[in-house]
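Take a look at the letters that make up each chain.
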Amino acid sequence: YEAPEYDFNEVTTGIGGGTCQAATTLYGAVLLANLDVVVRGNHSMTVDYVDASMDAAVSASKDFRFANNLDYPVYISTMVTDNWATVKIYGPPCEYEIRLESEIISTFEPKGRKFEDDTSGQYVYYVDEEPVLKTEGKPGMKSQGFRVYYDRVTGEEVMREDFEVDTYYAAQPVYWRGVHPRE
C-alpha cells in the first residue's frame, strides 16, 4: 500500500505509509490505559492527525513498544473503518481519570524554499515566470507531552507525568518552476 511518508524533512510516497497512524492510535490508548511506554519516537515533522508529542513513529530505525505494568492482563481491541481507527485497551480500572496534554515550547519557520522543475509545463511553463506553490511549508517546533492524572471525585489534578521534549523539523515550501526558455 503506497501512502505519504516522512523521509527526514520531506514528504514522499512509499510502501507502508499510514503505519505510523496505527502506532500513534495505539500509543494514545496505551497512555490512557496507564501502561508503561518502553520505546517511542516522534516523527521528523509534525503530523496532522494528533497534537505535537502525541505521535509515535515507526520505521526501520524507530520502534514503538509498551509493557503491561499492571497486576492483571489487558485485552486490546482494534477497529478500522473507512474514516477511523480505534484502539481500546480493557483492564482493571485506574483510580484516576487520565487526560493527555500537549505543550508547544517553541516554533521556528522553515528557511528558504525548494523548487521542482515542471517538465510538463502544467503549472509553470517558462523559466522567467513566477514559480507556483506545489506544497506549503510546515513550521518546526519543540513540544512536550504530558499524562495528567485527576481525582475522579473532586476533579483536581493529582499528578502530572511529563515526557521527553520532542523536536520536529520545519519543512520548506515547494514550488513548481518553469523549464522552457522564451524564444
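Above: the structure in question.
In short, a report on the structure. (Residues numbered from 1 in each chain as written. Predicted model: local features only at pLDDT ≥ 70, side-chain atom pairs only at ≥ 80, totals over all residues. Heavy atoms only, no water.)

### Here's the deal with the overall build of the protein
Within the protein, the regular secondary structure consists of one helix and 12 strands. Its helices and strands in sequence order give the protein the pattern β-β-α-β-β-β-β-β-β-β-β-β-β, from N to C terminus. Relative to the compact-globule value of 16 Å for 183 residues, the protein shows a C-alpha radius of gyration of 21 Å, a clear excess of over 25%. For the protein, the spread of C-alpha atoms along the three principal axes comes to 75 × 35 × 30 Å. Looking at the protein residue by residue over its 183 residues, the buried ones come to 30%. Counting 16 positive and 31 negative side-chain charges, the protein places the averaged centre of each group 2 Å from the other. (Helix = DSSP H or I, 4+ residues; strand = E, 2+ residues; numbered from the N terminus. Rg over C-alpha atoms; globule rule 2.2 N^0.38 Å. Buried < 20%, exposed > 50% of the residue type's maximum accessible area, 1.4 Å probe, protein only. Lys, Arg positive; Asp, Glu negative; His and termini not counted. Charge placed at Lys NZ, Arg CZ, Asp CG, Glu CD.)

### Some words on unusual backbone geometry
Even without a glycine there, the phi angle at asparagine 34 is positive, about 65°. The topology assignment puts asparagine 34 in the loop between helix 1 (19–32) and strand 3 (36–39). By relative accessible area, which is 19% here, asparagine 34 ends up buried. Located in the positive-phi region is serine 53, a residue other than glycine, with phi close to 70°. Among the structural elements, serine 53 can be located in the loop between strand 3 and strand 4 (65–67). The exposure class of serine 53 is buried, given its relative accessible area of 1%.

### Observations regarding the nonpolar core
Judged by nonpolar contacts, Ala23, Tyr27, Ala29, Val30, Leu31, Ala33, Leu35, Ala56, Phe64, Val87, Ile89 and Phe163 together constitute the single largest core of 12 residues. For this core, the secondary-structure elements that each account for two or more residues are helix 1 and strand 6 (85–90). In terms of residue count, the dominant contributor to this core is helix 1 (five residues). The contact partners of isoleucine 89, leaving out residues within four places of it in the chain, are Ala29, Val30, Ala33, Leu35, Val74, Tyr75 and Ile76. (Core = buried A, V, L, I, M, F, W, Y, C linked by side-chain atoms within 4.5 Å. Contact = heavy atoms within 4.5 Å.)

### Observations regarding the packing of aromatic side chains
Throughout the structure, instances matching the rule amount to seven aromatic pairs. Every member of this aromatic cluster is reached through a ring pair, and the members are Tyr27, Phe64 and Phe66. Between the NZ or CZ atom of arginine 113 and the centre of the ring of tyrosine 175, over which it lies, the distance is 4.7 Å. Geometry around phenylalanine 146 places arginine 160 over its ring, the cationic atom sitting 5.2 Å from the centre. (Phe/Tyr/Trp six-rings, centres within 6.5 Å; stacked < 30°, edge-to-face > 60°. Lys NZ or Arg CZ within 6 Å of the ring centre and 35° of its normal.)

### Side note on the pattern of salt bridges
All chains considered together, the criterion is met by 11 salt bridges. Put simply, glutamate 161 and arginine 147 hold a salt bridge, and the shortest N to O gap is 2.9 Å. Here the residue glutamate 161 occupies a position in strand 11 (residues 157–168), and arginine 147 occupies one in strand 10 (residues 140–151), the gap between them amounting to 14 residues. Judged by relative accessible area, glutamate 161 falls into the partly exposed class, the value being 29%. (Salt bridge = Lys/Arg side-chain N within 4 Å of Asp/Glu carboxyl O.)

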